[in-house]
Amino acid sequence: MKKSTKKIAMILFIALMTAVLAACGNDSANENEAKSGTGEEGLKIAIVTSPSGVDDGSFNEDNYNGILSFIDKNPTATVKAVKEETGDPAAAVQAVADIVADYDVIVTPGFQFAGVSSIAVENPDKIFILNDSEPAPVDGQTDFDNIYAMNFAEQESGFFAGMAAALETKTNKVAVVNGIAYPSNVNYQFGFESGVNYANKVFGKNVELVELSGYAGTDVTGADVGGNYAGSFADEATGKVIGNALIKQGVDIIFPAAGGTGNGVFTAVKEAKDDVKVIGVDVDQYDDGTNGSENIVLTSAVKFMAMNIEKALNSVVDGSFKGGNVVLYADTDSTGFIKEEGRHQLSEDTLNKMNEAYELVKDGTIVPASNFNEHSPEKFPGL
């Protein structure tokens with residue numbers, strides 16, 4: 001009887017020590033893991049991002065915030081943030097392949113992750129949530145049961161940025177700065193240009209879109225799309241160079257849709273002696289615009305990504321997850337601009353005009369140009 005009691009005690013002791021060591025090992029091995037609560041093991045999530053990481057204050061961070069919001073409501077779930085250091089599509093896919101065995105769901109924000117479809121085919125028990133990309137075809141297959149690929153109509157958000165810039169500029173010179181001419185980024189550019197052209201025609205403005213020589217973008221088809229492309233989403237130095245050059249040419253409102261590169265534009269504007277403003281991108285960047293007692297952010301053109309990432313994760317745990325490729329528009333409140341009091345500096349007149357235009361975008365009367373919708377910034381429905 002005593003031997004049995006001792007044996008049970010020893011088993012319990014070993015089990016306890018194993019659990020403690022495992023917990024300590026997890027904490028030390030993963031500095032980027034967010035976890036809440038105890039009890040039954042929850043969903044294991046990984047997010048693999050571009051070099052600017054999950055604290056870029058913009059695109060990646062908003063995706064990450066959607067995961068964190070999910071974890072707040074599902075406290076046994078965990079997330080690991082992985083930063084792919086090059087931005088190269090092949091390296092991005094490899095970064096996912098390196099960790100796929102250890103997670104239930106992998107979130108990949110960015111066009112460079114399109115190739116994860118090949119990994120998804122090899123791992124049908126894993127779920128992939130793509131943002132800003134459709135999965136690359138695999139043997140002619142373009143839809144996958146375990147991939148939910150969400151794209152946003154960036155051209156709609158960009159359109160409102162262009163309207164805001166054209167209606168608020170004092171110099172009648174505005175510009176958009178981009179990172180790499182991936183479709184989502186070209187959408188922002190064409191949408192912005194559409195918005196400026198709309199304000200020029202409908203409201204009698206005469207605003208010029210300024211482009212710098214040497215910075216034109218080439219999209220994924222090899223077409224020249226113009227614009228001001230830095231060639232990277234993580235090059236603050238080049239962002240600042242482009243920002244300063246635009247300011248020197250008289251531009252007083254800049255829309256930096258360029259990820260971490262846009263931070264350099266913010267710096268250029270903050271250091272400018274002239275009254276120059278920026279329009280935030282992807283998320284509400286008003287707090288990033290603080291400049292002493294002033295703020296340089298006019299408004300922000302947003303994609304409500306966190307909300308949609310959280311919805312997708314909820315579908316995984318409630319059993320309603322369905323793979324597919326979707327584009328999210330204003331009709332689902334997934335695109336738009338920041339209009340909340342205290343978070344923008346738009347005049348009442350501008351805000352009224354933009355709210356009216358929002359309803360026209362929402363019902364399809366206005367369809368801004370995008371990279372591949374066969375409209376141009378000079379000719380699109382509603383102009």
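Remember, predicted model here, so these are calculated numbers, not experimental data.

## Observations regarding the pairing of strand β4 (residues 105-109)
When you tally the buried positions in β4, you get five out of five residues, the bulk of the element. In β4, alternate side chains face the same way, and those of Val-105, Val-107 and Pro-109 on one face and Ile-106 and Thr-108 on the other are all buried. Sheet analysis places strand β2 (residues 44-49) next to β4, joined by three bridges and oriented parallel. Across the sheet, the residue bridging to Ile-45 is Val-105, located in β4. Here five bridges tie β4 to strand β5 (residues 127-131), and the two strands are oriented parallel to one another. Residue Ile-106 lies in a different strand from β5, and its bridge partner there is Phe-128. Handedness of the crossover joining β4 and β5 through helix α4 (residues 117-122): right-handed.

## Points about the nonpolar core
Grouped together as the largest cluster of nonpolar side chains are 33 residues, with contacts concentrated most on Phe-159, Phe-160, Phe-192, Phe-255 and Ile-279. Mapped by element, the contributors of at least two residues to this core are α5 (154-168), β7 (173-178), α6 (183-202), β11 (253-257), β12 (277-282), β15 (297-303) and α10 (348-362). Of the residues forming this core, the biggest block, eight residues, is contributed by α5. Those residues within four positions of Phe-255 in sequence are excluded, and the remaining contacts are Gly-158, Ala-161, Ala-175, Val-176, Val-177, Tyr-188, Phe-192, Ile-279, Gly-280, Val-281 and Ala-301. Listed in part, the 27 residues of the second largest apolar core include Phe-59, Ile-127, Ala-312 and Val-316.

## A look at the side chain of Ser-50
For Ser-50, the location among the structural elements is in the loop between β2 and α2 (59-73). Apart from residues no more than four positions distant in its own chain, Ser-50 is found in contact with Asn-60, Lys-83, Glu-84 and Gln-112.

## A look at the confidence of the model for the protein
Per-residue pLDDT for the protein has a mean of 90; in total, 90% of the residues score no lower than 70. Here residues 1-32 scores under 50 on pLDDT; set against residues more than four positions off or in separate chains, the count is six contacts. Confidence drops under pLDDT 50 across residues 35-39; counting only partners more than four residues distant or on other chains, this segment forms nine contacts.

## Comments concerning the pattern of salt bridges
Under the criterion given, the structure shown has ten salt bridges. The shortest N-O distance in the salt bridge between Lys-240 and Glu-271 comes to 3.1 Å. Here the residue Lys-240 occupies a position in helix α7 (residues 236-248), and Glu-271 occupies one in helix α8 (residues 262-271), the gap between them amounting to 31 residues. Take Lys-240: its relative accessible area is 27%, and that puts it in the partly exposed class. Here Lys-277 and Asp-275 are joined by a salt bridge, their closest N and O atoms 3.0 Å apart. Under the relative-accessibility criterion, Asp-275 is labelled partly exposed at 47%.

## Some points on the sheet that holds β11
Pairing is mixed in the open sheet, where six strands are placed in the order β8-β7-β11-β12-β15-β17. Looking at strand neighbours, the two that pair on one side only are β8 (208-209) and β17 (335-337), the edges of this open sheet. The sheet contact formed by β15 and β17 spans three bridges and is antiparallel. Within β17, the position partnered with Lys-303 by the bridge is Thr-335.

## A few points about the environment of Glu-193
Residue placement: Glu-193 occurs in helix α6. On the basis of relative accessible area, Glu-193 is assigned to the buried category, the value being 8%. Put simply, Glu-193 and Gly-162 are 31 residues apart on the chain and 6.1 Å apart in space, counted from C-alpha to C-alpha. Apart from the residues within four sequence positions on either side, Glu-193 is in contact with Leu-209, Glu-211 and Pro-377.

## Some points on the packing of α2 against helix α9 (residues 305-317)
Each pair of packed helices can be summarised by the angle the axes make with each other and by the distance between the axes. Two elements in contact, α2 and α9, have axes whose closest approach is 8 Å; the angle formed by their N-to-C orientations is 40 degrees. The orientation of α2 relative to α9 falls into the category oblique. Along this stretch, α2 crosses α9, giving a crossing that reads as right-handed. Counting all contacts with α2, which are made through Phe-59, Asp-62, Asn-63, Asn-65, Gly-66, Ile-67, Ser-69, Phe-70 and Lys-73, the residues of α9 involved are Met-305, Ala-306, Ile-309, Glu-310, Leu-313, Asn-314 and Val-317.

## Digging into unusual backbone geometry
Trans peptide bonds make up most of the peptide bonds, and negative phi angles are found at most residues other than glycine. Its identity is not glycine, yet Asp-282 carries a phi of approximately 70 degrees, on the positive side. Note on placement: Asp-282 falls in strand β12. Of note, Glu-374 is a non-glycine position whose phi angle comes to about 70 degrees, a positive value. Its place among the elements puts Glu-374 in the segment after α10. In this structure Glu-374 comes out as exposed when scored by relative accessible area, which is 80%.

The rules we used
Residues numbered from 1 in each chain as written. Predicted model: local features only at pLDDT ≥ 70, side-chain atom pairs only at ≥ 80, totals over all residues. Heavy atoms only, no water. Buried < 20%, exposed > 50% of the residue type's maximum accessible area, 1.4 Å probe, protein only. Helix = DSSP H or I, 4+ residues; strand = E, 2+ residues; numbered from the N terminus. Pairing = 2+ DSSP bridges. Right-handed = clockwise from strand over helix to strand, strands pointing away. Core = buried A, V, L, I, M, F, W, Y, C linked by side-chain atoms within 4.5 Å. Contact = heavy atoms within 4.5 Å. pLDDT = per-residue confidence, 0-100. Salt bridge = Lys/Arg side-chain N within 4 Å of Asp/Glu carboxyl O. Axes fitted to C-alpha atoms, helices over the stretch in contact; angles between N-to-C directions. Parallel < 35°, antiparallel > 145°, perpendicular 65-115°, else oblique. Left-handed = near helix turned anticlockwise from the far one by under 90°.

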